[in-house]
Amino acid sequence: MAETETFRVISASSSYGVVVVVSPEDAKPGDKEAKFFLRNLNVGIKDFEPVTEDVALGYFSGIADGLGRGKKPANHFNSLKEVAEWADKANEQAMKELIRRVKES
């Protein structure tokens, strides 16, 4: 029986427009079987695309400084579609919060 692929969010911007995911969920940096995926709505990447480990880890470095940090979910996901649904909801909430703050200022 084939093992089910699982995914874990390892980085998200404060707007949740940029999300980096690893599979399997328990993968560590350097693991040979680790696969990394990126969705970056800021540059028009609407679906998760495979990226190298170096690109994924770049979102923990200076690249991410201007993106802020979103709260990562504690749970894992069973598909990239599930991750996208979570990120879309989180993005919607972040935008509502931003609009609320602008209106209050």
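About the criteria used
- Residues numbered from 1 in each chain as written.
- Predicted model: local features only at pLDDT ≥ 70, side-chain atom pairs only at ≥ 80, totals over all residues.
- Heavy atoms only, no water.
- Pairing = 2+ DSSP bridges.
- Helix = DSSP H or I, 4+ residues; strand = E, 2+ residues; numbered from the N terminus.
- Axes fitted to C-alpha atoms, helices over the stretch in contact; angles between N-to-C directions.
- Contact = heavy atoms within 4.5 Å.
- Expected span 1.5 Å × (residues − 1).
- Buried < 20%, exposed > 50% of the residue type's maximum accessible area, 1.4 Å probe, protein only.
- Salt bridge = Lys/Arg side-chain N within 4 Å of Asp/Glu carboxyl O.
- Phe/Tyr/Trp six-rings, centres within 6.5 Å; stacked < 30°, edge-to-face > 60°.
- Polar contact = N/O pair within 3.5 Å; in protein donor to acceptor, adjacent residues only side chain to side chain.

Enquirer: With reference to specific residues and values, describe the sheet that holds strand S2 (residues 18-23).
Expert: The strand order across the open sheet formed by four strands is S1-S2-S3-S4, and the pairing between neighbours is antiparallel. The strands lining the two open edges of the sheet, one partner per strand, are strand S1 (8-12) and strand S4 (45-51). Taking each pair of neighbouring strands and ignoring which way they run, the sheet shows an average axis angle of 25 degrees. By the bridge criterion, six bridges tie S2 to strand S3 (residues 35-40) in an arrangement that is antiparallel. Residue Val-22 lies in a different strand from S3, and its bridge partner there is Phe-36. Packing against the sheet, helix H2 (residues 80-104) makes contact with S1, S2, S3 and S4, and its axis sits at approximately 150 degrees to S2.

Enquirer: Please give an account of H2 that cites residues and values.
Expert: Compared with an ideal rise of 1.5 Å per residue, which puts 25 residues at 36 Å, H2 spans 36 Å between its outermost C-alpha atoms and is within 8% of the ideal. Restricting attention to buried positions, one finds in H2 the residues Val-83, Ala-84, Trp-86, Ala-87, Ala-90 and Ala-94. Here the buried face of H2 lies against S1, S2, S3 and S4.

Enquirer: So, the pattern of salt bridges: which residues are in play, and what are the values?
Expert: Where side chains of opposite charge bring their charged atoms close, a pairing between them can arise. This model, assessed by the stated rule, comprises six salt bridges. When the shortest N-O distance is used, the salt bridge between Lys-35 and Glu-5 registers 2.7 Å. Here Lys-35, found in strand S3, pairs with Glu-5, found in the segment before S1; they are 30 residues apart in sequence, far enough to count as distant. Through salt bridges with shared partners, a single network forms among Glu-97, Arg-100, Arg-101 and Glu-104.

Enquirer: With reference to specific residues and values, describe the packing of aromatic side chains.
Expert: Tallied over the entire structure, the rule returns three aromatic pairs. Feature note: the residues Tyr-16, Phe-77 and Trp-86 constitute an aromatic cluster, connected by ring pairs.

Enquirer: A description of the environment of Ser-13 should follow, citing residues and the corresponding values.
Expert: Among the secondary structure elements, Ser-13 is positioned in the loop between S1 and S2. Reaching out from Ser-13, the side chain makes a polar contact with the backbone nitrogen of Gly-17 at a distance of 3.3 Å.

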